[in-house]
Amino acid sequence: MSGRGTLARGAVAVGICAATLLPSAVRAQGKAQVPAVAPAPAEVDAAKLSKAPKQTKFVEAEYPQEAVDKGITAEVVLLLDISAAGKVTGVGVVEPATLPGLGFDEAAMVAAQGFEFSPAEIDGKPVAVQLTYRYRFTLKPKAPPAPEPVVAPEGAAATPIAPPAAPKPQVVNYVGLLRERGTRLPMPGVLVTVFREIDAKPVGFEATTNADGKFEFYDLLPGEWRVLIEAPGYYPFKTIEGIEAGLATQVTYYAERASYNPFDVRVTAARPRKEVSRTVLAAKEIDKIPGTAGDPLAVVQNFAGVARSPLGSGQIVVRGSAPEDTRIFVDGAEVPLIYHFGGLRSVLPIGMLDAIEFYPGNFAPMYGRATGGIIDVQVKKLEPKKVGGYADVSLLDTGVFLEVPLGKKGGVALAARRSYIDGILNAVVPSDAPVNIISAPRYYDYQLLANYRPAPAHDFRAFLFGADDSLKLLFKNPADLDTAVTDNRFSASTSFYRSLLTYRYIPNERFENSVRLSQGRNWFDFKVGKLRFDLNVYSTQLRDNVRYKLADWISVSAGVDVLYSKSDVNIQLPRPPKEGEPMGGNFDLSDTLSAKIDNAVFWSPAAFAELELRPLAGLLILPGVRVDHFQRTSQSPAQPRLTARYQVTPQVAAKGGVGLFVQEPDFEETDKSFGNPNLKAERALHYSAGAEFKPRPHITLDGTVFYKDMSSLVSRTDTLTTGPMGPRPLVYDNGGTGRVYGLELLFRHEFTDKFSGWLAYTLSRAERRDSGETSSRLFDFDQTHILTLLGSYSLPRNWLVGGRFRLVSGNPITPVSGSVFNALSDRYDPTFGPPNSARNQPFHQLDLRVDKRWIYQSWILSVYLDIQNVYNRANPEGLNYNFDYRKSKVQQGLPILPILGVRGEF
């Protein structure tokens, strides 16, 4: 068995991060050398090197035993940080082994810690570089069997051969475990040095920790030995151990990391870029973004192409489309919502997440039933090396997380969170208030995640999660709600759960299959007086994706996506306002409609396929198609899609795409009581083109222009249709059209030099023409300018500071031109000007966040303060009118909101 390493082609694509400190922690054999720390020069190109690095010391990796037993070979591509002295100061995985879980990646990383190189040079001066390195694991042929002993012929004299002297057995008398302080994680591949003076001469020995952080020394003489441990990125650890004759010394050491900022994570292989626009944020980066109060999914509001949602709505508005045009997935399974009441908290904690993927348009054929964007939340792959978790207590809620390893093949994680806003409000609201809080706003959520890999080719995952929100109020004066309300009760609750089973089969690098089955329930209950909306939906979704690599230049992906739902509905409400209609216009509480539907069953099967073509170096072409069958509209539209990407240079890429996207109308729009059962699906053609520029490995400039042409939009109509009972209003038709066009710019600085952040700017216009109209108007969610600037900086002693600034155009509003007294309802009804012909004032806000960590031997304490709206800007969210609509005042958003939290990790 052996490992061999080679520098990958183009390996010294050398990105030296400006002002980065590159510690050297390699000692001469038998001696200890204090690491020298020197600033790296400015970033250079490989072509400028006068001398490339050359490997001078190779360390053979420990071949994983399971791979030996099964005769498996592998290759791992590493990313090595080489100091100006030629020492390896950092190791990451760029391309992991094809079959994960066997330990190839970890073994290669441990071995690479001991590599040495002749330094790279520019004009004769050593420089630090970063290079890729391909480590090959190959199996040595089995040794031939030992020859049979030769027997002397009869009568010949045999010469006796003395057996070799048995070697003196070595005695292990100093054993240790090396752990990271605070996290208790093992530290593999670290050199441990012990030394002392014997007969006035220095004597020293070295040992390297294995994958479990264990090291051993043999036959150390009795007495005191000095111990020195210097791992790259950690403070030096020094101590003195006494060795006694006939006794084995066993120790556990904890080395403290120089920085515990949340971005210190292992480099793993990123999924190749295929989509025209895709934003991916890893969980470790999401956790500390300012202005999110520590909530992982609130970061979506900061992406390019995402409009600022109305206060307290928790809606996701992408490229001017309505919130219902964007679909939300968790590991590929569709979920109804990701936010609790008010949008302050999401339903998934940071401990359960791996990353968030966001597609504002031109997404792959595997996604459908949406004409806006896609948000896919990726659940983490559990690989716990220890029992660990955290407890997070803030002014909003308390959450706990615990993960437990299942041997070396899986793990289990549990999490839960509960708010206590209800307890605070019940304590502070006086008894003589005009409203009694029966059940104040409260929410909770829960999660259970487990994964198990019985063999490298098989991976099983189970995920159960859910959420519940509730609010109940009792008004002393029913007119406080509306003059048409005669009952003083108000309640709203929403809950859902999902169970998700996933099986992935990857027998080799050419074939991959993943099957996902999800099942769950969505329940929404709203009551105000005699009005109610009770919706209970049971849904099941099956998704099967297959990918096969036909050749190096062509691969095919195909699959099915089947959605089944059964609904119970009980509604007694006025017909709700639609796009462009202001609240109070046609929303009359005294004019209600009723509908009661039991066991309404709907199927929505789909099939999709996509080719991955690489006809030329750097060129990627992705033609695909998706076919959905919509039972409610009796349609099976084919949706062709095409995406292309060309890597012009290693730093510059061009991209573009075009595709058709289709979705069904809302359920109430096709209900025979509330709408038109003959409606058809809405359609949107997406066009986009752009370019990416990476002047540095950690810096990305991304620009995309987009155009979305929408047709068959559901629109209000005054047309009459003939039915069995005679003429009746058609209510809705598919006569609406629209278009959205604009530009998205993103400047992103990934974590380097202790800084991470981005600047996102969107310039767009969203216009719509309703049925029977001759001129266009603005969409309700049109926002011309959307600017977001945020960043976080890591300070010494585990401080992290960050800020976020947002500047957004105000939402369109329909102005009130007057009012008319309605004698029947005994109130004034407003008259309106042209729809969406005015705007709120611009929104701007500054948020700040400060984190501090204290590192203890076996746990970490964190305190964070997230202050939203630091300068207390009275941002306008709309207008409030008096009883006859003659006077108005601005409806203001949230004032300054400080959120203090404490987290303990172990």
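Residues numbered from 1 in each chain as written. Predicted model: local features only at pLDDT ≥ 70, side-chain atom pairs only at ≥ 80, totals over all residues. Heavy atoms only, no water.

Draft legend 1. Fine view of the overall build of the chain. Counting its regular elements, the chain contains five helices and 55 strands. Within the chain, buried positions represent 47% of all 906 residues. Split by element, the accessible area of the chain, about 43000 Å² in all, is 59% carbon and sulfur. (Helix = DSSP H or I, 4+ residues; strand = E, 2+ residues; numbered from the N terminus. Buried < 20%, exposed > 50% of the residue type's maximum accessible area, 1.4 Å probe, protein only. Areas by Shrake-Rupley, 256 points an atom, 1.4 Å probe, with all protein chains shown as cover.)

Draft legend 2. Seen up close, the side chain of Arg 626. Looking at the element boundaries, Arg 626 is found in strand E35 (residues 619-628). Given a relative accessible area of 0%, Arg 626 falls into the buried group. A polar side-chain atom of Arg 626 sits 3.0 Å from a polar atom in the side chain of Asp 561. A distance of 2.8 Å separates polar atoms of two side chains, one belonging to Arg 626 and the other to Asp 628. (Polar contact = N/O pair within 3.5 Å; in protein donor to acceptor, adjacent residues only side chain to side chain.)

Draft legend 3. How the structure looks around the environment of Gly 92. Position of Gly 92 among the secondary structure elements: in strand E6 (residues 88-95). Its relative accessible area of 3% is what places Gly 92 among the buried residues. Taking C-alpha positions, Gly 92 is 6.7 Å from Leu 80, a pair spaced 12 residues apart along the chain.

Draft legend 4. Looking closely at the packing of aromatic side chains. According to the stated counting rule, one finds 35 aromatic pairs in the structure shown. On the basis of an interplanar angle of 20° and a centroid distance of 5.6 Å, the ring pair of Phe 58 and Tyr 135 is categorised as stacked. Taken together, the positions of Phe 58 in the loop between strand E4 (54-57) and helix H1 (65-70) and Tyr 135 in strand E10 (residues 129-138) put the pair 77 residues apart, joining distant regions of the chain. On the basis of an interplanar angle of 45° and a centroid distance of 5.0 Å, the ring pair of Tyr 135 and Phe 137 is categorised as tilted. For Phe 137, a relative accessible area of 1% puts it in the buried group. The positively charged end of Arg 308 is found above the aromatic ring belonging to Phe 843, 4.0 Å away from the centroid. Taking the ring centre of Tyr 732 as reference, the NZ or CZ of Lys 578 above it sits at 5.5 Å. (Phe/Tyr/Trp six-rings, centres within 6.5 Å; stacked < 30°, edge-to-face > 60°. Lys NZ or Arg CZ within 6 Å of the ring centre and 35° of its normal.)

Draft legend 5. Representation of the nonpolar core in the model. With 42 residues, the main nonpolar core has Val 299, Phe 303, Val 330, Leu 348, Ile 356, Phe 463 and Trp 758 as its most contacted residues. Broken down by secondary-structure element, the contributors of at least two residues to this core are strand E21 (327-330), strand E22 (333-335), strand E23 (353-359), strand E24 (374-379), strand E27 (410-419), strand E29 (458-475), strand E30 (489-508) and strand E43 (755-769). Once you skip the residues sitting within four places of it in the chain, Phe 463 turns out to touch Val 330, Leu 348, Met 352, Val 379, Gln 447, Leu 448, Leu 449, Arg 498, Ser 499 and Leu 500. Membership of the second largest hydrophobic core comes to 32 residues, among which are Ala 61, Val 76, Val 88 and Tyr 133. (Core = buried A, V, L, I, M, F, W, Y, C linked by side-chain atoms within 4.5 Å. Contact = heavy atoms within 4.5 Å.)

Draft legend 6. Examining helix H2 (residues 104-112) more closely. Judged by how many residues are buried, H2 sits mostly within the fold: seven of nine residues are covered. Taken together, the buried positions of H2 are occupied by Phe 104, Asp 105, Ala 107, Ala 108, Met 109, Ala 111 and Ala 112. Against H1, strand E5 (74-82), E6 and E10 lie the buried residues of H2.

Draft legend 7. Just the sheet that holds strand E18 (residues 279-282), in detail. Pairing is mixed in the open sheet, where five strands are placed in the order E18-E23-E24-E21-E22. Across the chains shown, the open sheet's two edge strands, defined by having one partner strand only, are E18 and E22. Direction aside, the axes of adjacent strands within the sheet are offset by 25° on average. Two strands pair when backbone bridges link them, and E21 and E24 are joined in this way by four bridges, in the parallel orientation. By the bridge assignment for E24, Arg 327 is matched with Ile 374. (Pairing = 2+ DSSP bridges. Axes fitted to C-alpha atoms, helices over the stretch in contact; angles between N-to-C directions.)

Draft legend 8. Here's a closer look at a nonpolar patch on the surface. Taken together, the side chains of Val 387, Leu 402, Val 404, Leu 414, Tyr 444, Tyr 446, Leu 448, Leu 464, Trp 854, Tyr 856, Trp 859 and Phe 906 define a hydrophobic patch exposed on the protein surface, amounting to about 970 Å² of accessible area. Tracing the sequence through the fold places Leu 464 in strand E29. (Patch = residues over 30% accessible without salt bridge, like charges linked within 9 Å, V, L, I, M, F, W, Y side chains within 5 Å. Salt bridge = Lys/Arg side-chain N within 4 Å of Asp/Glu carboxyl O.)

Draft legend 9. Structural detail: the sheet that holds strand E14 (residues 214-218). As summarised here, the arrangement of the three strands in space is E14-E11-E17, forming an open sheet in which the pairing is mixed. At either margin of the open sheet sits one strand with a lone partner, and together these are E14 and strand E17 (249-255). Along the sheet, successive strands turn relative to each other by an average axial angle of 20°, direction set aside. Here five bridges tie strand E11 (residues 172-180) to E14, and the two strands are oriented antiparallel to one another. What sits directly across from Tyr 174, in E14, is Phe 217.

Draft legend 10. Here's a closer look at empty space enclosed by the protein. Under the defined criterion, the tally for this structure stands at nine cavities of 30 Å³ or more. Roughly 180 Å³ of volume is contained in the largest cavity. In terms of lining, the largest cavity is formed by 20 residues, of which the most central are Pro 349, Tyr 390, Asp 392, Arg 417 and Arg 903. Contributions of two or more residues to the lining of the largest cavity are made by strand E25 (388-394), strand E26 (397-405), E27 and strand E28 (435-455). For the lining of the largest cavity, the leading source of residues is E26, giving four residues. Of the residues contributing to the lining of the largest cavity, the split by class is 10 nonpolar, three polar and seven charged. (1 Å grid on protein atoms, 1.4 Å probe; cavity = no way out; pocket = protein on both sides within 12 Å on 5 of 7 lines; lining within 4 Å. Points joined across faces, edges and corners; volume = space filled by probe spheres on them. Nonpolar A, V, L, I, M, F, W, Y, C, P; charged D, E, K, R; others polar.)

Draft legend 11. Focus on the environment of Leu 402. The residue Leu 402 is located in strand E26 in this model. Each C-alpha atom, one on Leu 402 and one on Val 387, is 7.4 Å from the other, the two residues being 15 residues apart in sequence. If sequence neighbours within four positions are ignored, Leu 402 has contacts with Val 387, Gly 388, Gly 389, Val 412, Ala 413, Leu 414 and Phe 906.

Draft legend 12. Looking closely at the pairing of E35. Across six bridges, strand E34 (residues 593-613) lies against E35 in antiparallel orientation. Residue pairing across strands places Phe 608 opposite Arg 626, the latter belonging to E35. In textbook terms, the turn of a hairpin is the stretch between consecutive antiparallel strands, and for E34 and E35 this stretch comprises five residues, one of which, Gly 618, has a positive phi near 90°.

All we've got here are geometric facts, nothing functional implied.
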